[in-house]
Amino acid sequence: MNGYEAVKDAVSARQAAVYYGIKVTKRGMACCPFHRDRHPSMKLDHRFHCFGCQADGDVIDFVARYFHLPVREATEKLAKDFGVRYEEERPPDKGKRKKPVKIPSLEQNYAKLEQNCFSVLSRYRELLCFWKEHLAPKMPEDEWDQRFCEALDRLPRVEYLMDVFLNFPLEERVGMLLSAGKEISDYAGRLQEFEARTVGCSENNS
């Protein structure tokens, strides 16, 4: 289990808020720290959602926004503060003597493969951002749309993967592609599923 998943499983947004000094009522409400909030408008449980400024997400989103940290650093801070142990996601044999990655087919087609993966991540992120903005509950009693929950759950991870492909050295990008290839493939399948439904709706309406 990687750090992102381990921290999310171990720590709730409510626990983190209390730990970092935010007063939370028994009903899980608190004054939102992300805007001038005189009356508690933020609901905290495993995730958080503010009905005033619409800030929302999981515990890592909360800490990243509260301390102005990148997702990766917010994950590391939570793991340290709450004693969460996990296996770091890294290329094989990292920390040992570096060896060239001997995968001929990957070397020959890597640039195209990486471009395709980044395209999937970028399109999926755009879809998640749309769901997060347009499907957010308006009132505390509203039922949360599954696509809104999917956006909250997956956006930080998708943005982290994009950050790796954009900024990390080649060796670490190759390692990430090897370890997260199936995950990105699943995202591509989710996109195809959504696009197929969209096309079907358009044809039915024409």
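These notes cover the structure that comes with them. (Residues numbered from 1 in each chain as written. Predicted model: local features only at pLDDT ≥ 70, side-chain atom pairs only at ≥ 80, totals over all residues. Heavy atoms only, no water.)

1. As for the side chain of Arg 173
For step 1, the next point in the chain: If you trace the backbone, Arg 173 turns up in helix α7 (residues 170-205).
For step 2, the next point in the chain: For Arg 173, a relative accessible area of 17% corresponds to the buried category.
For step 3, the next point in the chain: At 2.7 Å, the side chain of Arg 173 forms a polar contact with the side chain of Glu 114.
For step 4, the next point in the chain: Not counting residues within four places of it along the chain, the set of residues in contact with Arg 173 comprises Tyr 110, Glu 114, Val 164, Phe 165 and Phe 168. (Helix = DSSP H or I, 4+ residues; strand = E, 2+ residues; numbered from the N terminus. Buried < 20%, exposed > 50% of the residue type's maximum accessible area, 1.4 Å probe, protein only. Polar contact = N/O pair within 3.5 Å; in protein donor to acceptor, adjacent residues only side chain to side chain. Contact = heavy atoms within 4.5 Å.)

2. Topic: the nonpolar core
For step 1, the next point in the chain: Counting residues in each nonpolar core, the largest one holds 27 residues, and the members touching the most others are Met 42, Leu 44, Phe 48, Val 59, Phe 62 and Leu 78.
For step 2, the next point in the chain: Mapped by element, the contributors of at least two residues to this core are α1 (3-10), α2 (13-19), β2 (42-44), β3 (48-50), α3 (59-66) and α4 (71-82).
For step 3, the next point in the chain: A per-element tally of this core places α3 first, with five residues. (Core = buried A, V, L, I, M, F, W, Y, C linked by side-chain atoms within 4.5 Å.)

3. Brief notes about the packing of aromatic side chains
For step 1, the next point in the chain: In the structure shown here, the tally under the stated rule is eleven aromatic pairs.
For step 2, the next point in the chain: Taken together, a centroid distance of 5.3 Å and an interplanar angle of 75° make the contact between Phe 48 and Phe 62 edge-to-face. Here Phe 48, found in strand β3, pairs with Phe 62, found in helix α3; they are 14 residues apart in sequence, far enough to count as distant.
For step 3, the next point in the chain: Seen in terms of ring centroids, Tyr 66 and Phe 67 are 4.9 Å apart; in terms of plane orientation they differ by 90°. Their pairing is edge-to-face.
For step 4, the next point in the chain: On the basis of relative accessible area, Tyr 66 is assigned to the partly exposed category, the value being 27%.
For step 5, the next point in the chain: For Phe 67, a relative accessible area of 31% corresponds to the partly exposed category.
For step 6, the next point in the chain: Through successive ring pairs, a cluster of aromatic residues spans Tyr 19, Tyr 20, Phe 34, Phe 48, Phe 62, Tyr 66, Phe 67 and Phe 82.
For step 7, the next point in the chain: Across from the ring centre of Phe 67, 4.7 Å away, lies the NZ or CZ of Lys 77, which sits over that ring. (Phe/Tyr/Trp six-rings, centres within 6.5 Å; stacked < 30°, edge-to-face > 60°. Lys NZ or Arg CZ within 6 Å of the ring centre and 35° of its normal.)

4. Digging into the environment of Tyr 20
For step 1, the next point in the chain: Note that Tyr 20 resides in the loop between α2 and β1 (29-30).
For step 2, the next point in the chain: Considering only alpha carbons, one finds Tyr 20 and Asp 81, 61 residues apart in sequence, at a separation of 9.9 Å.
For step 3, the next point in the chain: For Tyr 20, the contacting residues outside a window of four places in its chain are Val 63, Tyr 66, Phe 67, Lys 77, Leu 78, Asp 81 and Phe 82.

5. A short note on the packing of α1 against α4
For step 1, the next point in the chain: At their nearest, the axes of α1 and α4 sit 10 Å apart, and the two run at 50° to each other. By the angle class used here, α1 and α4 are oblique. In this structure, α1 meets α4 at a crossing whose hand is left-handed. The segment α1 lies against α4, with Gly 3, Tyr 4 and Val 7 engaging Thr 75, Leu 78 and Ala 79. (Axes fitted to C-alpha atoms, helices over the stretch in contact; angles between N-to-C directions. Parallel < 35°, antiparallel > 145°, perpendicular 65-115°, else oblique. Left-handed = near helix turned anticlockwise from the far one by under 90°.)

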